[in-house]
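The residues making up each chain are set out below.
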Number of protein chains: 2
Amino acid sequence: MSDFAIGVDIGGTNTKFGIVDKHGKILSQDRMLTNEAEGVQGFVDELYEKLTPLIEKAGGIEKFAGIGVGAPNGNYYSGTIEYAANLKWRGIIPFAKITSDKFSLPVKLTNDANAAAMGEMKYGCAKGMKHFITITLGTGVGSGIVIDGKIVLGHDGFAGELGHTIIRPGGRLHAGTGIRGSLESYASATGVRETAIELLTKNPKEESLLRDYSINDLITSKTVYDCAVKGDNIANEVFNFTGQILGEALANFVLFSSPEAIVLFGGLTKAGDLIMHPTRQAMEASLIQIFKNKVKLIFSQLNEADAAILGASALIWDN
Amino acid sequence: MSDFAIGVDIGGTNTKFGIVDKHGKILSQDRMLTNEAEGVQGFVDELYEKLTPLIEKAGGIEKFAGIGVGAPNGNYYSGTIEYAANLKWRGIIPFAKITSDKFSLPVKLTNDANAAAMGEMKYGCAKGMKHFITITLGTGVGSGIVIDGKIVLGHDGFAGELGHTIIRPGGRLHAGTGIRGSLESYASATGVRETAIELLTKNPKEESLLRDYSINDLITSKTVYDCAVKGDNIANEVFNFTGQILGEALANFVLFSSPEAIVLFGGLTKAGDLIMHPTRQAMEASLIQIFKNKVKLIFSQLNEADAAILGASALIWDN
């Protein structure tokens, strides 16, 4: 009998993992530093060491159906992590195979944004939906697309990179890709910070609470939010500008797959209505008639710390 | 035994129909004016009258598996044609039901761009592909998206309206939708004509063969092409500009579904390399590394007059 799955979320800094039952209850969880171990084999060995007591406590390995992994540039088809910019491991890493060999369990792997979408579908606000899109507004902008109840992977496993769609041709340079005007360069935490600095610089005479913070390091999406709720004009303008661009991008995504809902996730959603209102307004204004007032735009209700583990574990219960 | 299907393509002006076998051979075909008959029932009656001799010649109605229909704003789920701007029929028309009652055959209906994608998958250059996108560059810009071997319909049947994605925010006004900067306002026959007029007006002193044509009616995508092959600078610039915008839009679509190929179809493709080169260049320049030099960008090889009938008939053989 398979009662449990293991969910592993590999991030640039931390790797979180946990034991999850079929109902999405996390029985136990822990974390480790991603880039501390020597190479990927060292990482998997450490993961094994840390998970073994949790597995034993849950009744032993025979109670487990498998391990689901969410990782940057994770490829579901091949089980590999390919050229992930934030990880120390270079090239194409056969992560699913290495992990499966170590644990003697089936391993399924996908990219972190797809894992988040799986979590929303199984346990979150997209439960029961067959067509939706998850957008992660964090340090970067990630996306997971579900059509007919399945994650869209594309012919090579790399579909769903909506953060890199161009929404302001010739616009802001994205340092990581060298491309101008992509959604990620505006609607990420990094983008919000840049927008704030731009607005402060362009309006040198306008008073703003943001001027009390150092441009070098203290202006962040968090401080912009803090100033905005205090009624600061420039800080509010930052969210209006960000929402305008995000809303236009979402409208484009709606035209592609006509989803029932778009689920927003990640740090920026803490801004609540400050980001939701301008985003919704811009999305609706950019849609043709047959799509207007149809698409639910909602914040994820999953606890962010749990969602990644839940989503990864859900890969095992899929099909 | 079901040997044949009927394919019907309803256009704003003409409706084409034909008898098609399972191998995609059109045995016979004919056409009629779409908006001549009185109402939709009159239209279906006339279609029945015209098709009956073709059906008899093929061996009678018992040899037929069904009727596939491609129509503007056709909805696969409901079999209805909804608020089609180019048709005389107002509101929501239960076209599949009316036609099925008249012919006593199963009827499947989808929008015209999806039917074109079906045709490419069954009989065209996307044969055997599970992930591709068809873009129709005609009077407007239509699209059909195939993921995992299935047309993407979305939660309501209206997915795949990529011509209305915004690619130049705040840009050219699209008269039909009131939205600014959509792909259709640039990469359609209408868009090419507008771009030509804009360039002629902006550069009043630059000589151009296009100035021999009347701006009121004679500057068309066809005359722009004729001038471009004669080496006319402005006419060539029209295609470069159109290809730039189209290529950027295609890159955005690639990021969504990571297709194996994008198939271009419709009148503008007659410009051949004049449109293909700048489009491909702009698409590649806009893609992040993992997608570069991967996506085939190809012209449809199907005869345009046949493709719509073939695609519609293919709905019957699907599954």
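Residues numbered from 1 in each chain as written. Chains lettered and ligands numbered in written order. Predicted model: local features only at pLDDT ≥ 70, side-chain atom pairs only at ≥ 80, totals over all residues.

Asker: Help me get a handle on the overall build of chain A, residues and values and all.
Answerer: A tally of regular secondary structure across chain A gives 9 helices and 13 strands. Taken over C-alpha atoms, the radius of gyration comes to 20 Å for chain A, in line with the 20 Å a tight globule of 319 residues would show. When its C-alpha atoms are laid out on the principal axes, chain A stretches across 65 × 45 × 35 Å. Counting only residues that meet the buried cut, chain A has 52% of its 319 residues in that class. (Helix = DSSP H or I, 4+ residues; strand = E, 2+ residues; numbered from the N terminus. Rg over C-alpha atoms; globule rule 2.2 N^0.38 Å. Buried ≥ 20, exposed ≤ 12 C-beta atoms within 10 Å, placed from the backbone.)

Asker: Describe in detail the domain arrangement of chain A, supporting the description with residues and values.
Answerer: All names here are of chain A. Its domain assignment divides chain A into domain 1 (4-122) and domain 2 (127-301). Its C-alpha centre places domain 1 at a distance of 28 Å from the equivalent point of domain 2. Within the side of domain 1 that touches domain 2, the residues separate by chemical class into 8 nonpolar, 4 polar and 2 charged. (Domains from an automatic or database assignment. Nonpolar A, V, L, I, M, F, W, Y, C, P; charged D, E, K, R; others polar.)

Asker: Outline the confidence of the model for chain A, listing residues and values.
Answerer: The predicted model of chain A has a mean per-residue pLDDT of 94, with 99% of residues at 70 or higher. As a predicted assembly, this complex carries a pTM of 0.93 together with an ipTM value of 0.93. (pLDDT = per-residue confidence, 0-100.)

Asker: Any details on the relation of the copies chain B and chain A? Residues and values, ideally.
Answerer: Take chain B, turn it by 180°, move it 0.0 Å along the axis, and it overlays chain A with an RMSD of 0.1 Å. Classification of the inter-copy transformation places it as that of a two-fold axis. Within chain B, I167 of chain B has its C-alpha nearest the rotation axis, a separation of 3.3 Å. (Least-squares fit on C-alpha atoms with pLDDT ≥ 70 in both.)

Asker: Can you tell me about the packing of helix α6 (residues 221-229) of chain B against helix α7 (residues 233-257) of chain B, naming the residues and giving the values?
Answerer: All names here are of chain B. The interhelical angle for the contact between α6 and α7, taken along N-to-C directions, is 115°, at an axis separation of 7 Å. Our pair here, α6 against α7, has a crossing hand that is left-handed. Residues V224, C227 and A228 of α6 form the contact with α7, whose participating residues are A235, N236, V238 and F239. When grouped by side-chain class, the residues that make up the contact of α6 with α7 number 6 nonpolar, 1 polar and no charged. (Axes fitted to C-alpha atoms, helices over the stretch in contact; angles between N-to-C directions. Left-handed = near helix turned anticlockwise from the far one by under 90°. Contact = placed C-beta atoms within 7 Å.)

Asker: Please set out the nonpolar core residue by residue, giving values where relevant.
Answerer: Grouped together as the largest cluster of nonpolar side chains are 192 residues, with contacts concentrated most on V69 and V224 of chain A together with V69 and V224 of chain B. The contact partners of V224 of chain A, leaving out residues within four places of it in the chain, are V192, A196, L210, I219, A235 and V238 of chain A. (Core = buried A, V, L, I, M, F, W, Y, C linked by C-beta atoms within 7 Å.)

Asker: Residue-level account of unusual backbone geometry, with values.
Answerer: Note on backbone geometry: most residues besides glycine have negative phi, and most peptide bonds are trans. Non-glycine residue S258 of chain A carries a positive phi angle of around 40°. On the basis of neighbour count, S258 of chain A is assigned to the buried category, with 23 C-beta atoms found within 10 Å. In this model, N293 of chain B sits at a positive phi of 55°, which is unusual for a non-glycine residue. Here N293 of chain B lies in the loop between α8 (273-286) and β13 (296-299). Exposure remark for N293 of chain B: the 7 C-beta atoms within 10 Å place this residue in the exposed category.

Asker: Could you give an account of helix α9 (residues 304-317) of chain B, with specific residues and numbers?
Answerer: All names here are of chain B. Its 14 residues place the ends of α9 21 Å apart at the C-alpha level, agreeing with the 20 Å of an ideal helix rising 1.5 Å per residue. Counting buried positions along α9 yields 11 of 14 residues, so the element is predominantly enclosed. Along α9, the residues that are buried comprise D306, A307, A308, I309, L310, G311, A312, S313, A314, L315 and I316. (Expected span 1.5 Å × (residues − 1).)

Asker: Let's hear about the sheet that holds strand β7 (residues 92-93) of chain A: which residues, and what values?
Answerer: Residue and element names in this part refer to chain A. Taken in spatial order, the 3 strands make up an open sheet running β5-β6-β7, and their pairing is antiparallel. One side of each edge strand has no neighbouring strand; the edge strands of this open sheet are β5 (74-75) and β7. The sheet contact formed by β5 and strand β6 (residues 80-82) spans 2 bridges and is antiparallel. Directly across from G74, in β6, lies its bridge partner I81. (Pairing = 2+ DSSP bridges.)

Asker: Can you break down the sheet that holds strand β6 (residues 80-82) of chain B residue by residue, with the values?
Answerer: Residue and element names in this part refer to chain B. Spatial ordering of the open sheet is given by β5-β6-β7, a layout of 3 strands whose pairing is antiparallel. Each end of this open sheet is capped by a strand with a single partner; those strands are β5 (74-75) and β7 (92-93). Both β6 and β7 contribute to a ladder of 2 bridges, which runs antiparallel. Considered in β7, the bridge of I81 is made with I93.

Asker: An account of the environment of T110 of chain B is needed here, citing residue identities and associated values.
Answerer: Residue and element names in this part refer to chain B. Within the element layout of this structure, T110 appears in strand β8 (residues 107-111). Placed 202 residues apart in sequence, T110 and A312 show a C-alpha to C-alpha distance of 8.0 Å. Setting aside anything within four residues of it in sequence, one finds T110 in contact with G70, G74, Y76, A115, I151 and L315.

Asker: Break down the pairing of strand β13 (residues 296-299) of chain A for me, citing the residues and quoting the values.
Answerer: Residues and elements named next belong to chain A. Summarising the sheet, strand β12 (residues 261-265) and β13 pair through 4 bridges and their orientation is parallel. In the strand pairing of β13, L264 is matched with F299. Traced from β12 through helix α8 (residues 273-286) to β13, the parallel crossover comes out right-handed. (Right-handed = clockwise from strand over helix to strand, strands pointing away.)

Asker: Describe the interface of chain B and chain A, naming the residues involved and giving the relevant values.
Answerer: The interface is formed by 32 residues belonging to chain B together with 32 residues belonging to chain A. Contributing elements (two or more residues each) for the side of chain B that touches chain A: β10 (141-147) and α7 of chain B. Here the side of chain B that touches chain A is composed, by residue class, of 16 nonpolar, 10 polar and 6 charged.

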